[in-house]
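Chain by chain, the residues:
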Amino acid sequence: GRIDKCIAKWHSFADPMAPIEHQRFQVMVAARLHARCHENSVKKAMAGLRSHFEMKDNSSSFGHPDSKSGLGSSKISSMQNRIHLQISSSCTVSKNMKQQHYKGLTPQNLALSDPESEIAPILSSILFGNTKARQIVQASQDLLNKFQGEVPESIASLREITGIGPKLAEILNVANRRKLYGV
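Worth saying up front: this structure is predicted, and the values here are computed from it rather than measured. Residue numbers run consecutively from 1 along every chain, following the written order of its sequence. For a predicted model such as this one, the threshold for reporting local features is a pLDDT of at least 70, and the threshold for listing and counting side-chain atom pairs is 80 or more; totals across whole chains, interfaces and linings nevertheless cover every residue. The side-chain quantities take in all heavy atoms of the structure and omit both hydrogens and water.

**Q** Even after reading the chapter, I still don't get the overall build of the protein chain, so can you show me in this structure?
**A** Counting secondary structure elements, the protein chain contains 10 helices and 0 strands. Secondary structure follows DSSP: runs of H or I at least 4 residues long count as helices, runs of E at least 2 residues long count as strands, and numbering of each begins at the N terminus. Counting helices and strands in the order they occur from the N terminus, the protein chain gives α-α-α-α-α-α-α-α-α-α. Relative accessibility decides the category of a residue: with a 1.4 Å probe and only protein chains considered, values under 20% of the type maximum give buried, values over 50% give exposed, and everything between is partly exposed. Counting every position in the protein chain, which comprises 183 residues, the buried fraction comes to 46%. Note that accessible areas follow from Shrake-Rupley with a 1.4 Å probe, and for residues the cover is restricted to the protein chains shown. On the protein chain, roughly 9600 Å² of surface is accessible, and the fraction owed to carbon and sulfur atoms is 54%.

**Q** Honestly, the packing of aromatic side chains in this entry has me stumped. Any pointers?
**A** The way to describe two aromatic rings as a pair is by their centre distance and the angle between their planes. Pairing of aromatic side chains requires ring centres within 6.5 Å, counting the rings of Phe and Tyr and the six-membered ring of Trp. Pairs whose planes differ by under 30 degrees are stacked, by over 60 edge-to-face, and all others tilted. As enumerated under the stated definition, the model contains 1 aromatic pair in all. Measuring from ring centre to ring centre gives 5.7 Å for Trp10 and Phe13, while their planes differ by 50 degrees; the resulting arrangement is tilted. Comparing Trp10 with Phe13, the two get one shared label, buried. Lysine NZ or arginine CZ positioned within 6 Å of the ring centre and within 35 degrees of the ring normal marks a charge as sitting over the ring. Sitting over the ring of Trp10, Lys9 keeps its end group 4.5 Å from the ring centre. For the cation-ring pair, Lys43 lies above Phe13, with the distance from its terminal atom to the ring centre recorded as 5.5 Å.

**Q** Would you mind showing me how to read the environment of Ser117 here?
**A** The residue Ser117 is located in helix H7 (residues 115–119) in this model. The spatial distance from the C-alpha of Ser117 to the C-alpha of Asn130 is 9.7 Å, given a sequence separation of 13 residues.

**Q** Sorry if this is basic, but what is going on with the side chain of Glu153 here?
**A** With respect to the helices, strands and loops of the structure, Glu153 is situated in the loop between helix H8 (129–147) and helix H9 (155–158). Here a polar contact is recorded for every N or O atom pair within 3.5 Å, except that within protein the pair must consist of a potential hydrogen donor and a potential acceptor, and residues adjacent in sequence are included only if both atoms are side-chain atoms. At 2.6 Å, the side chain of Glu153 forms a polar contact with the backbone nitrogen of Arg178. In what follows, a contact means two residues having at least one pair of non-hydrogen atoms within 4.5 Å. Beyond its immediate sequence surroundings of up to four residues, Glu153 is in contact with Arg24, Leu158, Asn173, Arg177 and Arg178.

**Q** I would appreciate a short explanation of empty space enclosed by the protein in the present structure.
**A** It is a probe the size of a water molecule, rolled over the atoms, that shows where empty space is left. Two kinds of site are reported from a 1 Å grid over the protein atoms alone, namely cavities, where a 1.4 Å probe fits but cannot get out, and pockets, open sets with protein on both sides within 12 Å along at least five of seven lines, and residues are called lining when an atom falls within 4 Å of a point. Grid points are joined across faces, edges and corners, and a volume is the space filled by probe spheres set on the points. What the rule picks out here adds up to 1 cavity of 30 Å³ or more. The space that makes up the largest cavity amounts to roughly 30 Å³. Lining the largest cavity are Met28, Val29, Arg32, Ile136, Ala139, Thr162 and Ile164. Counting only elements with at least two residues in the lining of the largest cavity, the list comes to helix H2 (20–34) and H8. Examining the composition of the lining of the largest cavity, we find that 3 residues originate from one element, H2, more than from any other.

This is the structure we're talking about:
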């Protein structure tokens, strides 16, 4: 009944064509953006994020060690190189080949993004969009560093991710479990 409707609502924010772990990541991002925002604003922002990364994947080699990111900051560049190495190593041991080749909104893509210049403009319709942009980029980095890029299921582990407090952790614990995706 009511819980099923709630779960369906959260899952509607994710790309149904994405591998399950990326769908779960997208639900986590949408849940973070949803705080104090209308559902339509979140849907618009999620569509914008997915579109941005689909276009970016098709037009550049952003994050590749040989590419010019244009960001100019050595701090950002060293972070990108570290994350790129983590992505490369995690891709070699990936359980799901489809997940490696998925283009779009992924923890790896978002972790390599600049929150102010790249993500915040996409979130302009979201209340506190600049803060949420920083938080979802950091949350992506947290997922890569602490959970091998996969959204955890336990409330305690979810709370270790930037921007996820007790209420959001409880929602994700119920609505974003792997078994709900048929895993």
